[in-house]
Amino acid sequence: MNRVLVVEDERSMRDLLALMLRKEGYGVETADGGVQATSRLAKEGFDLVITDVSMPGMTGLELLRHVRRTSPDASVILMTAYGTKETAIEALNEGAAYYVEKPFDLDEMKVVVKKTLDQKRIASENADLKSENRGLKAELQGRYRFDGLVGKSAKMRTIFQLIERVAGTGSTIMISGESGTGKELIARAIHYNSGRGDRAFVSINCGALPDELLESELFGHMKGSFTGAVATKKGLFEVADGGTIFLDEIGETSPATQIKLLRVLQERTIRRVGGTEEIPVDVRVITATNQDLDAMVREKRFREDLFYRINVIPIRMPALREKPEDIPALAEHFLEKCRAAMGKTLQGISEEAMVHLEGYAWPGNVRELENVIERAVALEAGDVIGAESLPRELRSGRPESGIDLETHLEDLRRRYMVEAMERCHGVQTRAAEFLGMTFRSFRYFAKKYGLTRGEPGGSGDALDEGGELDQEAV
């Protein structure tokens, strides 16, 4: 029930308004002037204050200002028998919802009161909705800004900076990289950090659909345009209007589809299959490919004009083997994700297991790493993920030929580490950087090979705990 405070020094008018409003279902209190009204406002909350302008002690305009300061959520309607245009303007400028001149019709006042309270309710609902939308947008931005794009390597920091620079431009972007490197996550990060972040993000794998179906999915179709088209259907470009469309594996599209995509990018209109109407669309296009489109253009397998249209801002996602320093953070991220999903209480990943993760080539990139961690979380019965919970191929490099490749590689690694230590004057962190290894891996293998204080093996082998060369030991 809305609560209304009627402020009027003339008792008959005050009682009449109170009676009328109570019959309309409002909770009504009255005050004989501004002083009594401020006292009531200090003790109770009201949705609406109806006040006369001309009152002894405190005018209606003064009461209006008081309400705006102390009860900003309350709406105010002013009444006067001596209305002037200037007073009305001043009242509205001070924040009054309406200005009513006496004498007025009671039905008219009912309408004004209802309209004022309806407007207040709608404004409140809109404020709540905007707050909810801001919260959802912040959640989405938090989810896609760097989640899944975890990394501290120089390559990933460069990509994060590029996302922040290009997100708001609206330019067409092409993301290249091997399968499993996180190209769609990049596209989502760009979308949710742009001005289009509260609109649709639509994704489609162009290589997963036959040409005829892909055209219908992208541009829509008219009823009866082909067998099975029982109703008119919007395409994904229309669905994404105002937002972003992500065309994954664009290199898989046919020449016919490439022509239609080029036309959309040039004209910013689409035509449904079987239709004649040109439908304007406001869509940001982000594409992705794991193929060499430059080579495909040279081989006439991809349209050159479309390539230049989609390659306005190129972003290359590095393979996981190119940024091994990101593996620990990614592994911990996926561990946390899988642990929560499976209700496990694993505390972390053992050093031995982490070394195996860092030493693997990861042909399936980040997606393969996530799958390996999910498997390990499911299988591990202890408190931490151990090496035994990892797939065999991560733990052994020995081929079936019988050649002891693993031992040979171990010997090569040891010799390179010794040489690196000599070049870097015994500083482990520099030696690890020189070899492109993480310090965790370097430290693990240094201990494994006996490259520690007091162990024989050359001038580079005697290391103190801080990673410096121990001069006494050599």
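1. Things to note about the packing of helix H2 (residues 34-43) against helix H3 (residues 60-70)
In contact at an axis separation of 10 Å, H2 and H3 are set at 10 degrees when each is read in the N-to-C sense. Between H2 and H3, the crossing angle belongs to the class labelled roughly parallel. In this structure, H2 crosses over H3, and the sense of that crossing is right-handed. Contacts between H2 and H3 involve Gly34, Ala37, Thr38 and Leu41 from the former and Leu63, His66 and Val67 from the latter. Of the residues that constitute the contact of H2 with H3, the class distribution is 4 nonpolar, 3 polar and no charged.

2. Focus on the pattern of salt bridges
With the rule as written, the count across this model stands at 28 salt bridges. Among the salt bridges present, the one from Asp282 reaches Arg196, with a minimum N-O distance of 2.8 Å. Here Asp282 is found in the loop between strand S12 (279-280) and strand S13 (284-289), whereas its partner Arg196 is found in the loop between helix H7 (183-192) and strand S7 (201-205), with 86 residues between them in sequence. Residue classification places Asp282 among the partly exposed positions, given a relative accessible area of 43%.

3. As for the sheet that holds strand S4 (residues 75-80)
Spatially, the 5 strands line up as an open sheet ordered S2-S1-S3-S4-S5, and their pairing is parallel. Strands with a single pairing partner mark the edges of an open sheet, and in this sheet they are strand S2 (27-31) and strand S5 (98-101). Recorded for the sheet is a direction-independent mean angle of 20 degrees between the axes of neighbouring strands. Strand direction decides the pairing type here: strand S1 (residues 3-7) and strand S3 (residues 48-52), joined by 4 bridges, are parallel.

4. With respect to helix H18 (residues 428-435)
One turn of the α-helix equals 3.6 residues, which is why residues spaced by three or four share an orientation. By the burial criterion, the buried members of H18 are Gln428, Ala431 and Ala432. In a view along the axis of H18, the buried residues occupy a sector of 100 degrees, so they form one face of it. Pointing more than 90 degrees away from the buried face of H18 are the exposed residues Arg430 and Glu433. Within two residues after H18, Gly436 carries a phi angle of roughly 70 degrees, on the positive side.

5. Thoughts on unusual backbone geometry
For the bond from Lys102 to Pro103, the omega torsion is -10 degrees, close enough to zero to count as cis. With respect to the secondary-structure elements, Pro103 resides in the loop between S5 and helix H5 (106-145). A positive phi angle is found at Glu249, which is not glycine, with a value near 50 degrees. Looking at the secondary structure, you find Glu249 in the loop between strand S10 (244-248) and helix H10 (255-267). The phi dihedral of Trp362 falls on the positive side, at around 50 degrees, and the residue is not glycine. Mapping Trp362 onto the fold places it in the loop between helix H14 (351-359) and helix H15 (365-379). Overall, Trp362 belongs to the buried group, its relative accessible area being 0%.

6. Considerations on the packing of aromatic side chains
Per the counting criterion, the structure on display carries 7 aromatic pairs. With 6.3 Å between their ring centres and 20 degrees between their planes, Phe201 and Phe246 make a pair best called stacked. In this pair, Phe201 sits in strand S7 while Phe246 sits in strand S10, placing the two residues 45 residues apart along the sequence. Take Phe201 and Phe246: they sit in the same class, and that class is buried. Taking 5.5 Å as the distance between ring centres and 65 degrees as the angle between the ring planes, the aromatic pair formed by Phe307 and Tyr308 counts as edge-to-face.

What counts as what
Residues numbered from 1 in each chain as written. Predicted model: local features only at pLDDT ≥ 70, side-chain atom pairs only at ≥ 80, totals over all residues. Heavy atoms only, no water. Axes fitted to C-alpha atoms, helices over the stretch in contact; angles between N-to-C directions. Helix = DSSP H or I, 4+ residues; strand = E, 2+ residues; numbered from the N terminus. Parallel < 35°, antiparallel > 145°, perpendicular 65-115°, else oblique. Left-handed = near helix turned anticlockwise from the far one by under 90°. Contact = heavy atoms within 4.5 Å. Nonpolar A, V, L, I, M, F, W, Y, C, P; charged D, E, K, R; others polar. Salt bridge = Lys/Arg side-chain N within 4 Å of Asp/Glu carboxyl O. Buried < 20%, exposed > 50% of the residue type's maximum accessible area, 1.4 Å probe, protein only. Pairing = 2+ DSSP bridges. Arc of directions from axis to C-beta. Phe/Tyr/Trp six-rings, centres within 6.5 Å; stacked < 30°, edge-to-face > 60°.

These figures capture arrangement, not role.
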